[in-house]
Amino acid sequence: MERRPARGHRNVPHTADVRIEAWAPDREGCVAEAVTAMLDGFVDIAGADAAAETQFAVPPGDDADMLVAVLDEVIFRLETAGVLPLATEVRPADGGGLLVRWWTVDADAVELVGAVPKAVALHELRFGPDRDGWSCAVTLDV
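Attention here is on the structure that accompanies the text. (Residues numbered from 1 in each chain as written. Predicted model: local features only at pLDDT ≥ 70, side-chain atom pairs only at ≥ 80, totals over all residues. Heavy atoms only, no water.)

## Considering the overall build of the protein chain
Applicable threshold: Each helix is a run of DSSP H or I of at least 4 residues and each strand a run of E of at least 2, with the numbering of both proceeding from the N terminus. Buried, partly exposed and exposed residues are distinguished by accessible area as a fraction of the type maximum, computed with a 1.4 Å probe on protein chains only: under 20%, between the cut-offs, and over 50%, respectively.
Of the regular secondary structure elements, the protein chain holds two helices and nine strands. Starting at the N terminus and walking to the C terminus, you meet the elements of the protein chain as β-β-α-β-β-α-β-β-β-β-β. In terms of overall dimensions, the protein chain has C-alpha extents of about 40 × 40 × 25 Å along its principal axes. A buried classification covers 43% of the 142 residues belonging to the protein chain.

Shown next as structure tokens:
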């Protein structure tokens, strides 16, 4: 059996929507990879430079709920502020939540190459530890 790289992501064929998978040695790295996988499905950020840095906290909760909260935040900020994360750093927060730091770019400065997600579907959502670290699979409604 071929081992996967320690950290990564991919888009998986799915009917009518977009399905992403991500993995990393730890929970926080997996969340960051999921953000990158989400973006890879609809935007080309190659050559873009970050215009701002922002942080936000995700309150403690179920791991899958926290993953969804971070991905929902990508959609929310695109819709309300017109920005997208170029890079994502996720750290554990006191009490079990997450601290997310994004280096962002204006959406007008990058090229859209696919359907923009409208929501994160809870159907068939998977996020948790596996034999190599942490992994997730998420369907994005487009």
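## Brief notes about the sheet that holds strand β6 (residues 98-106)
Formally: The criterion for strand pairing is that DSSP finds at least two bridges linking the strands in question. Each axis is a line fitted through C-alpha atoms, taken for helices only over the stretch in contact, and angles between the N-to-C directions span 0 to 180 degrees.
The strand order β4-β6-β5 describes an open sheet built from three strands, whose pairing is antiparallel. The sheet is open, and its two borders are formed by β4 (52-58) and β5 (83-92), each paired with just one other strand. Within the sheet, the average angular offset between the axes of one strand and its neighbour, ignoring direction, is 25°. The sheet contact formed by β5 and β6 spans nine bridges and is antiparallel.

## Side note on unusual backbone geometry
Peptide bonds are, in most cases, trans, and in most cases residues other than glycine have a negative phi. The phi angle at E124 is positive, at roughly 60°, despite the residue not being glycine. Mapped onto the elements, E124 comes out in strand β8 (residues 119-130).

## Description of the sheet that holds strand β9 (residues 133-141)
The line we're drawing: Residues are treated as being in contact if the distance between any of their heavy atoms lies within 4.5 Å.
Strand order across the open sheet formed by four strands is β1-β2-β9-β8, with antiparallel pairing between neighbours. Each edge of the open sheet carries a strand with a single partner, namely β1 (8-12) and β8. The mean inter-strand angle of the sheet, taken between neighbouring strand axes irrespective of direction, is 15°. Of the strand pairs in this sheet, strand β2 (residues 18-24) and β9 are connected by seven bridges, and their pairing is antiparallel. Across the sheet, residue R19 finds its bridge partner in β9, namely T139. Across the sheet, helix α1 (residues 27-40) touches β1, β2, β8 and β9, and the angle it forms with β2 is around 150°.

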